[in-house]
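# Close look at the chain arrangement
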Amino acid sequence: MQGQSGSGPIGVFDSGYGGLTILKEFQNRLPDYDYIYLGDNARAPYGSRSFDIVYRFTLEAVNELFARGCPLVILACNTASAKALRTIQQNDLPSIDPSRRVLGVIRPTVESLPGRTRNGHVGLVGTPGTVGSRSYDIEISKLYPDIKFSSHSCPMWVPLVENGEADKPGADYFVRQETEALMREDDAIDAIILGCTHYPLLMNKIRQYLPPSVALIKQGDIVAESLADYLRRHPEMKRRLSCGAATEYLTTEDADKFSSMASIFLNRQIKAEQITL
């Protein structure tokens, strides 16, 4: 396993395809770096799985990206960030390699809230795993205790996206049902976090069932700016990252299927490689 010397790509992990919406913003915001994207599509979705399973699967993926030379791994998955990040940071990294870093998407999203809500009423739509973990609740109460926070799980939204139904009429029922359920919890909500990286593909439908005054917070640009800021503040990590503007795509499922689906998220053709974790 690679030590502190040498340079390597930034690893980006998601349970499936949704993290490609984060990767796309990384490539736009920080185009010079090399990236390895790993989607655990064979075991997706993670949203309904237990803490222990999500932690174990996520750690396997992180170790795979470390073995491929990544000094820094981003969990571009809300469920993995909610259920596995803290344990990996505190319990596993010290013994694996304390010079490497694993970061998630929840903290930077929460840190961005003051500029996105006018009245301090914030909502979240997410997978059952993310909502049930209460990770957003905890971070918000810690950083911004005055914000009134409501959350609602949307178990059907990821399958809609991954089955190519995001822009089809069949999605409307499920999007309307969950969006209106969240607003019934607090009709003063004026900002909603899209707490799953798949959800930007449903934005047009979500917008239809909300008052125009409600802001939708998608994570890609927030997390990309947070990564740029992290590298500015940690030049020792920045020096360890390779800069060839290349991206490698890995999946635990069929490579051709992944390559085809990825084009929906990235708006361009890519070639993936199938691996086993």
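You'll find the structure just up there.
Residues numbered from 1 in each chain as written. Predicted model: local features only at pLDDT ≥ 70, side-chain atom pairs only at ≥ 80, totals over all residues. Heavy atoms only, no water.

## Quick word on the sheet that holds strand S8 (residues 215–217)
What links the strands of a sheet is backbone hydrogen bonding, and the strands pair in either a parallel or an antiparallel sense. Spatially, four strands are ordered S6-S5-S7-S8 in an open sheet, and the strand pairing comes out parallel. Looking at strand neighbours, the two that pair on one side only are strand S6 (148–153) and S8, the edges of this open sheet. Each strand of the sheet is rotated relative to its neighbour by a mean of 20 degrees, with strand direction disregarded. The sheet contacts of helix H7 (residues 135–143) involve strand S5 (121–126), S6 and strand S7 (191–195), and relative to S6 the element is tilted by about 170 degrees. (Pairing = 2+ DSSP bridges. Helix = DSSP H or I, 4+ residues; strand = E, 2+ residues; numbered from the N terminus. Axes fitted to C-alpha atoms, helices over the stretch in contact; angles between N-to-C directions. Contact = heavy atoms within 4.5 Å.)

## Focus: unusual backbone geometry
The step from Ala-44 to Pro-45 runs through a cis peptide bond, and the omega angle for that step is 0 degrees. Here Pro-45 lies in the loop between strand S2 (35–39) and helix H2 (51–67). The phi dihedral of Arg-134 falls on the positive side, at around 60 degrees, and the residue is not glycine. With respect to the helices and strands, Arg-134 occurs in the loop between helix H6 (128–133) and H7. The residue Ala-245 is not glycine, and still its phi comes out positive at about 55 degrees. Take Ala-245: it is sitting in the loop between helix H12 (235–238) and strand S9 (247–251).

## Re H2
The terminal C-alpha atoms of H2, which comprises 17 residues, lie 24 Å apart, in line with the 24 Å expected from a rise of 1.5 Å per residue. Buried within H2 we find Val-54, Phe-57, Thr-58, Leu-59, Ala-61, Val-62, Leu-65 and Phe-66. Summarising the contacts, the buried residues of H2 are in contact with strand S1 (10–14), S2, strand S3 (72–75), helix H3 (78–83), helix H4 (85–96) and strand S4 (101–103). A positive phi of about 95 degrees marks Gly-69, the residue just after H2. (Expected span 1.5 Å × (residues − 1). Buried < 20%, exposed > 50% of the residue type's maximum accessible area, 1.4 Å probe, protein only.)

## Observations regarding the sheet that holds strand S10 (residues 272–274)
Reading across the sheet, the six strands line up as S4-S3-S1-S2-S9-S10 and stay open at both edges, with parallel pairing between neighbours. Only two strands of the sheet have a single partner each, and these edge strands are S4 and S10. Sheet twist, expressed as the mean angle between neighbouring strand axes with direction ignored, is 20 degrees. As defined by bridge partners, S3 adjoins S4 across three bridges and the pair is classed as parallel. Residue pairing across strands places Val-73 opposite Val-102, the latter belonging to S4. Contacting S2, S9 and S10, helix H13 (residues 255–266) crosses the sheet at an angle of about 145 degrees to S10.

## What about the environment of Gly-195?
Mapping Gly-195 onto the fold places it in strand S7. C-alpha of Gly-195 to C-alpha of Ile-138: the two residues are 57 residues apart in sequence and 14 Å apart in space. When residues no more than four places from it in sequence are discounted, the contact partners of Gly-195 are Asn-78, Leu-124, Val-125, Gly-126, Thr-130, Tyr-136 and Gln-219.

## Side note on the packing of H2 against H4
With their axes 12 Å apart at the nearest point, H2 and H4 run at an angle of 40 degrees to one another. Judged by the inter-axis angle, H2 sits oblique to H4. Handedness of the H2/H4 crossing: right-handed. Packed against H2, whose contacting residues are Tyr-55, Thr-58, Leu-59, Val-62, Asn-63 and Phe-66, the element H4 presents Thr-87, Ile-88, Asp-92, Leu-93 and Ile-96 at the interface. In terms of residue class, the contact of H2 with H4 is made up of seven nonpolar, three polar and one charged. (Parallel < 35°, antiparallel > 145°, perpendicular 65-115°, else oblique. Left-handed = near helix turned anticlockwise from the far one by under 90°. Nonpolar A, V, L, I, M, F, W, Y, C, P; charged D, E, K, R; others polar.)

## With respect to the pattern of salt bridges
Taken as a whole and assessed by the stated rule, the structure comprises 21 salt bridges. Residue Arg-107 is joined to Glu-139 by a salt bridge in which the shortest nitrogen-to-oxygen separation is 3.3 Å. Placement of Arg-107 in helix H5 (residues 106–111) and of Glu-139 in helix H7 is noted, with a sequence separation of 32 residues between them. Overall, Arg-107 belongs to the partly exposed group, its relative accessible area being 37%. Lys-257 is the salt-bridge partner of Glu-253, the closest N and O atoms lying 3.8 Å from each other. Among the residues examined, Glu-253 registers a relative accessible area of 26% and is labelled partly exposed. Note on Lys-257: relative accessible area 45%, which makes it partly exposed. If you follow the salt bridges from partner to partner, you end up with Arg-29, Glu-225, Asp-229, Arg-232 and Arg-233 in one network. (Salt bridge = Lys/Arg side-chain N within 4 Å of Asp/Glu carboxyl O.)

## Focus: the pairing of S3
Residues Leu-72 and Ile-74 of S3 are buried on one face, and the alternating residues Val-73 and Leu-75, pointing to the opposite face, are buried as well. Both S1 and S3 contribute to a ladder of four bridges, which runs parallel. Along S3, the bridge assignment pairs Val-12 with Ile-74.

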